[in-house]
Amino acid sequence: MTTLASLDPAARDALRAETRKAYEAFKARGLKLDMTRGKPAPEQLDLSSAMMSLPGNGDHFAESGEDARNYGGLQGLPEARALFAPLVQAPPAQIVIGDNSSLALMHDCVAWALLKGVPGSVKPWSQEQEPVFLCPVPGYDRHFAICEALGIRMLPVPMTGQGPDMDVVEKLAADPAVKGMWCVPKYANPSGEIYSDETVRRLAAMETGSPDFRLFWDNAYAVHHLTATRHPLADILSLCEKAGHPDRAFIFASTSKVTLAGAGLAVFASSPENVRWFLGRAFFRTIGPDKLNQLRHVRFLKDMAGIESHMEKQRTLIAPKFEAVLDALEARLGGTGAATWTKPEGGYFITVDTVDGAAQRVVALAKDAGIALTPAGATSPYGRDPHDRTLRLAPTFPSLSDVKAAAEGIALCILLAGLETQTAEAA
Ligand code: PMP
């Protein structure tokens, strides 16, 4: 296929008419498809159905003899912390197990930092002039929503394919107003990229203007491989410690996309000082987490090998859906220049960049054809994509046949919007 840009006006008009016809035919199928959110499909949740009867009647004692049915155990059962130690690359003593949502732990940390400060703070962040977070873009809309909800100004940082552009990060982090940075270091939401060793090293070592700067290291997709390669990630806690910034990283993870999205376990890991701080604040919030769910996870997943083999089953279910989307994009858009897209090796998303100024139009065209897409702009702070070009596709939840149909429709919408944008520019 020749690129759209090289078509003469007559050829472009002909292709636009042909694409419009194909789009109308797709629309006439009256489908109702949803590619908006990265949710596990029911079959993925079924992989954990054995958990529903765990830990089992009478099996409610932890290894220490503690009765998991009762109050207490703020930090989480030692066996649950040991289970997640390799996943978050921290010793069990530096891990806290929360309830089902890591996003809630991130929200707590930001709220507590604003109200009380963190180890190393001179005063609570809310009493600083205007706290700022660095936000790699494209990024996770819920991270940005926490900042908006709690009054933290966001500064975008471009991604490079190896993580955020570290020249930009180092320059911006020198400003004392910059208190934190969102990082999804592995199979990032939504670009799928993995922070290179050099990126992680520079994040750990960089000089920051603020003494209490924190990396919000959201390793949500640590074990969510889409290929046979289990890509490693550099060890942020050790690197921070080596660089003389032992308290820099707050690590988060969860089993939302390992076991049950609504009933998993969330994990916080950090330096001994930060863990003391976290537990000191959490003390006022709860008398203890759901330890039966911790026991349930320990019984079901057993150890890191158990987690990895469970994730292989997840991969078998979802990798074909990612392939279906990539095939459809390639079939309709390959060589046209109407879009570029990621080929993730893990995580939950495919990112598509349309030609500038076409993303909102694609979402509108898709909606008219019965396909719900994440709003254009969602991957940027404040929901504003200055180029109006980035789309996030989430193929896990619908059935494979629905994913195939949706991807075919989305590719048509992208081509049509690209042709319309070019025609408008030429007029
Ligand atoms: N972080 C990232 C990067 C995510 O993509 C998601 C889920 N979409 C979450 C956190 C939410 O995690 P949890 O279910 O543990 O709150």
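How each quantity is defined
Residues numbered from 1 in each chain as written. Predicted model: local features only at pLDDT ≥ 70, side-chain atom pairs only at ≥ 80, totals over all residues. Helix = DSSP H or I, 4+ residues; strand = E, 2+ residues; numbered from the N terminus. Rg over C-alpha atoms; globule rule 2.2 N^0.38 Å. Buried ≥ 20, exposed ≤ 12 C-beta atoms within 10 Å, placed from the backbone. Contact = placed C-beta atoms within 7 Å. Arc of directions from axis to C-beta. Pairing = 2+ DSSP bridges. Right-handed = clockwise from strand over helix to strand, strands pointing away. Axes fitted to C-alpha atoms, helices over the stretch in contact; angles between N-to-C directions. Expected span 1.5 Å × (residues − 1). Core = buried A, V, L, I, M, F, W, Y, C linked by C-beta atoms within 7 Å. Domains from an automatic or database assignment.

Per an unreviewed UniProt entry, the protein chain carries the name Aminotransferase class I/II-fold pyridoxal phosphate-dependent enzyme and comes from Methylobacterium marchantiae.

A.B. asks: Quick rundown of the overall build of the protein chain? Include the residues and the values.
C.D. replies: If you tally the helices and strands in the protein chain, you get 13 helices and 12 strands. Over its C-alpha trace the protein chain gives a radius of gyration of 23 Å, about what one expects of a compact globule, namely 22 Å for 427 residues. The buried share of the protein chain, taken over its 427 residues, is 48%. Long-range pairs, those at least 24 residues apart, make up 77% of the contacts in the protein chain between residues at least 6 apart in sequence.

A.B. asks: Kindly report on helix α5 (residues 141-150), identifying the contributing residues and their values.
C.D. replies: Taken as a whole, α5 has its buried residues at H143, F144 and C147. Viewed end-on, α5 has its buried residues packed into an arc of 95 degrees, placing them on one side of the element. Packing partners of the buried residues in α5 comprise β3 (132-137), β4 (153-158) and β5 (178-183). Count one or two residues on from α5 and you reach G151, which has phi positive near 80 degrees.

A.B. asks: Just give me the short version of unusual backbone geometry, but keep the residues and values in it.
C.D. replies: A cis geometry characterises the amide bond from L54 onward to P55, with omega recorded as 0 degrees. Here the amide bond leading from V137 into P138 is cis, since omega sits at 5 degrees, within 30 degrees of zero. One can find P138 in the loop between β3 and α5. Here the phi dihedral of Q89 falls at roughly 55 degrees; this positive angle occurs in a residue that is not glycine. With respect to the helices and strands, the residue Q89 is situated in the loop between α3 (78-88) and β2 (95-97). On the basis of neighbour count, Q89 is assigned to the partly exposed category, with 17 C-beta atoms found within 10 Å. If you check the backbone angles, D388 has positive phi at about 45 degrees while not being a glycine.

A.B. asks: Tell me what's going on with the pairing of β4, and back it up with residues and numbers.
C.D. replies: Where β3 lies against β4, 6 bridges are found, and the strand directions are parallel. Bridging from a neighbouring strand, C135 pairs with P156 of β4. Each parallel crossover has a hand, and the one from β3 via α5 to β4 is right-handed.

A.B. asks: Lay out the sheet that holds β4 in plain terms, naming residues and giving numbers.
C.D. replies: Within the open sheet, the 7 strands sit side by side as β2-β8-β7-β6-β5-β3-β4. Their pairing is mixed. The open sheet has two edge strands, β2 and β4, and neither has a second partner. The sheet shows a mean angle of 20 degrees between the axes of neighbouring strands, taken without regard to direction. Of the pairings in the sheet, the one linking β2 to strand β8 (residues 266-269) comprises 3 bridges and is antiparallel in character. Counterpart to I97 in the pairing with β8 is V267.

A.B. asks: Break down helix α1 (residues 9-28) for me, with residues and values.
C.D. replies: Spanning 20 residues, α1 covers 28 Å between terminal C-alpha atoms, matching the ideal 28 Å at 1.5 Å per step. The complete set of buried residues in α1 reads T19, Y23 and F26. Along α1, the residues classed as buried sweep out an arc of 55 degrees about the axis, all on the same side. Across from the buried face of α1, at angles greater than 90 degrees, the exposed residues are A10, A14, A17, E18, K21, E24, A25 and A28. Looking at the buried residues of α1, the elements they touch are α12 (359-368) and α13 (400-426).

A.B. asks: Which residues make up the nonpolar core, and what are the values?
C.D. replies: Grouped together as the largest cluster of nonpolar side chains are 120 residues, with contacts concentrated most on I251, V267, V362, C413 and I414. Here the element with the most residues in this core is α13; it accounts for 13 residues. Counting only domains with at least three residues in this core, you end up with domain 1 (4-44 + 308-426) and domain 2 (61-302). With residues near it in sequence (within four places) discarded, C413 still touches Y23, V362, L365, A366 and A369.

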